[in-house]
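# Structure assessment
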Amino acid sequence: MNPVIQTDKLSKWYGNVLGLSDVSIKIETGITGLLGPNGAGKSTFMKLMTGQLKPSIGKVLIQGERARNNYTLFSRMGYCPEYDVFYDELTGWQFITGMLKLNHFSSPDVEKNARKAMEIVELMQDKDRVIRSYSRGMRQRLKFAQAIAHEPEILLLDEPLNGLDPLGRRKLIQLIKTYRDEGKLIIVSSHVLPEIEVLTNKIVLIHQGKIFAQGDIHYIRDLIENHPHMISIICSNRRKLASKFIKEEYVLKVEFGKVKNRVTIETNDRDKFFSSLPSVLRKNDIEVEEITSPDDNLQAVFDYIIGK
Amino acid sequence: MSIKEKGYTHWDGKLKKMKFPWKPITQCGIKLTFKKKFFKFSFFLTLVPALIYLAGIYASEKIEDFSFLTRDTDTLSFLKVDPKYFSSYFTSDTLLFMIILLMVFCGAGLISDDLKYNSLQLYFSRPIKKNDYFMGKAAVIAFFIFIVTLIPGIVFIVMKLIFSGSFRFLASFPWLIFSVVGYSIFITTFFAFYTLFLSSLNKNRRYVGILIFGLYFFSEIIFGIFFGIFKSKYFALLSIEVNLQQVGAGFFGQKPVYDIPWILSFLIITMICILAAIVLKRKIRSVEVVK
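Analysis parameters
- Residues numbered from 1 in each chain as written.
- Chains lettered and ligands numbered in written order.
- Predicted model: local features only at pLDDT ≥ 70, side-chain atom pairs only at ≥ 80, totals over all residues.
- Domains from an automatic or database assignment.
- pLDDT = per-residue confidence, 0-100.
- Helix = DSSP H or I, 4+ residues; strand = E, 2+ residues; numbered from the N terminus.
- Contact = placed C-beta atoms within 7 Å.
- Buried ≥ 20, exposed ≤ 12 C-beta atoms within 10 Å, placed from the backbone.
- Pairing = 2+ DSSP bridges.
- Axes fitted to C-alpha atoms, helices over the stretch in contact; angles between N-to-C directions.
- Expected span 1.5 Å × (residues − 1).
- Core = buried A, V, L, I, M, F, W, Y, C linked by C-beta atoms within 7 Å.

### Notes on the domain arrangement of chain A
When cut into domains, chain A gives domain 1 (5-222) and domain 2 (224-305). Computed over C-alpha atoms, the centres of domain 1 of chain A and domain 2 of chain A are 39 Å apart.

Next comes the structure, spelled out in structure tokens:
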């Protein structure tokens, strides 16, 4: 199966400023999280994929076609930009229908698709209000509506959850997942790690215009062999458990936290630790209430990779 | 069905080609213009010269009913409906001023608002070419300028035929309709480039409005100063207004106000349009860059 999006040595400079450097990746269907701090090159990458920017070096292929100036391809893509892109004087309905007309939809289809998109983002009741009067969350939903209204197969969402309240955030996340289940390709960029974490395990870490890592969050975690892993255990006898592990060479540190019965063990070989843990627990008759990996999340991986 | 089971299906449908992909941009531009404060009043104001000239055509055919006007020789000569009458309408200072007024309302925000609202990225992530974008914006300008040039010009001819009850007028000046159409297109093309160019220079439509007014009258002032000092008629070529009037005289087969070949003015206006097109192309590309 060919990748839907493929970039080859993709680089972009703005004069002397590096926007993106030597990016060669393949992106398949499903949700891919594009993660990086502000100014990392996420928006540049998005704009190169939507064909709005010309690569300085390399190429972007979408469904095997070059993205730049490929107007037919654009009708299969939905793009939700990071910043507000509205004429405040227009109503939400006028904005959506105008965007659909730009996608060459016929009048009955414009009406039908606009209605569907507005209903999905729950803005149908406010469709005749001018955008100026919309709240930040409503604007964000409207921006998402214009990206999905023409039923694209590829969705590029630049910081889509910005400005949404927790409920709106949850709804939008659910909606994005629905699109994933329909077999679409969705790229979500964000600098907020938990946002990406709840959406997907497939991530691309981008920083200073370079791809730092790509793949499953756990796969990336495994790549960082020397980086110590923390395992936090709440058990019936934490001192005994600590004493059994402290002498092992793969255990670097043992810490007793403020939480009652919790011990945090730092290891440089997670596999070895977890293979010996059950026997230690069994032999010493220790009951376990909870086992967690506090640093097995995107924030920890991200911080480690970018060298914080 | 999960994504991994479903896999990906390549899109094999055909994109329906639109005859005028720029039409939605134009419709939106016109709609937004009518929403502007005081626009409707100003728009009505721009139609006043056309209404006066239309009344003149009526009066010229019913001259016996307007005998009080015939005492004044100037008025009498004004009421003679011929190519000069048309030329005087199309090249009048008043009409050009009205067009500038229209440009401030309908043209100033055309690109500057897109820059302000970051809308360009939405346009260009859709099946819209850069030329379609420019065409859509220029069509907004054309719509309003044609209302005060092309449409009145054709209405004048039709009304002259109706009021006179014969086709003699058209038989005497068969080329006049081409002059009306040709000059209307020429003046619209110029103002489209002029306005879009200035609109692409700033994100604030008020500043752009000032620029549209300012540059037009600044060229007139510069001409006045140099003409006053050096007394050379060729300095008239510095004035946008004079150049438009000279070309207008050429289109309607009239003697230009300044004794300079009108083709020079035509070339200058064409040069301005070409320069504006080059700058526009560069400016619109440059704003695609992420800041």
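Additional details are given in the paragraphs that follow.
### Remarks on the confidence of the model for chain B
All names here are of chain B. Chain-level statistics for chain B give a pLDDT mean of 87 and a share of 88% at 70 or above. Mean pLDDT values for the elements of chain B range from 40 in helix α1 (residues 3-6) up to 96 in helix α12 (residues 176-199). Counted against residues more than four places away or in other chains, residues 1-11, with its pLDDT under 50, gives 18 contacts. Across residues 286-291, where pLDDT falls below 50, the model places 11 contacts with residues more than four positions away in sequence or in other chains.

### Thoughts on helix α7 (residues 109-116) of chain B
Residue and element names in this part refer to chain B. Within α7, seven of the eight residues are buried, which leaves it mostly tucked inside the rest of the structure. Taken together, the buried positions of α7 are Gly-109, Leu-110, Ile-111, Ser-112, Asp-113, Asp-114 and Leu-115. In this structure, the buried side of α7 is in contact with α2 (23-34), α6 (93-107), α8 (120-123), α9 (130-148), α12 and α13 (205-230). Phi turns positive one or two residues past the end of α7, at Asn-118, with a value near 60°.

### Focus: the sheet that holds strand β12 (residues 229-235) of chain A
All names here are of chain A. If you trace the four strands from one edge of the open sheet to the other, you get β13-β14-β12-β15, paired in antiparallel fashion. Every other strand in the sheet has two partners, leaving β13 (251-256) and β15 (288-292) as the edge strands with one partner each. Going across the sheet, the axis of each strand differs from the next one's by a mean of 20°, ignoring polarity. Contacts between helix α9 (residues 238-246) and the sheet are confined to β12, β13 and β14 (262-267), with β13 contributing the most and set at about 165° to the helix.

### Things to note about helix α4 (residues 107-120) of chain A
Residues and elements named next belong to chain A. Taking 1.5 Å of rise per residue, the 14 residues of α4 would be expected to cover 20 Å, and the 20 Å separating its terminal C-alpha atoms lies within 8% of that figure. Buried residues belonging to α4 abut α3 (92-102) and α5 (136-148). Just beyond α4, the residue with positive phi is Glu-122, at close to 60°.

### Quick word on the pairing of strand β2 (residues 17-23) of chain A
Residue and element names in this part refer to chain A. Across four bridges, strand β1 (residues 5-14) lies against β2 in antiparallel orientation. Of the residues in β2, the one forming a bridge with Leu-10 is Val-23. Joining the antiparallel neighbours β1 and β2 is a turn of two residues, in which Gly-15 adopts a positive phi near 65°.

### Side note on the nonpolar core
Residues and elements named next belong to chain A. Residues Ala-145 and Leu-156 are the most contacted members of the largest nonpolar core, which totals 134 residues. With sequence-adjacent residues up to four places away left out, Ala-145 is seen in contact with Ile-96, Ala-117, Met-118, Ile-120, Val-121 and Leu-123. Counting residues in each nonpolar core, the second largest holds six residues, with Ile-233, Leu-241, Val-263 and Ile-265 among its members.

### With respect to the environment of Gly-92 of chain A
Structurally, Gly-92 of chain A can be placed in helix α3. Apart from the residues within four sequence positions on either side, Gly-92 of chain A is in contact with Met-118, Leu-123, Asp-126, Lys-127, Arg-129, Ile-131, Tyr-134 and Leu-142 of chain A.

### Considering the sheet that holds strand β11 (residues 210-216) of chain A
All names here are of chain A. The strand order β7-β8-β9-β4-β10-β11 describes an open sheet built from six strands, whose pairing is mixed. Of all strands in the sheet, those with a lone pairing partner are β7 (77-80) and β11, marking the two edges. Neighbour-to-neighbour, the strand axes of the sheet open up by a mean angle of 15°, direction not taken into account. Pairing of strand β8 (residues 154-158) with strand β9 (residues 185-190) involves five bridges; the strand directions are parallel.

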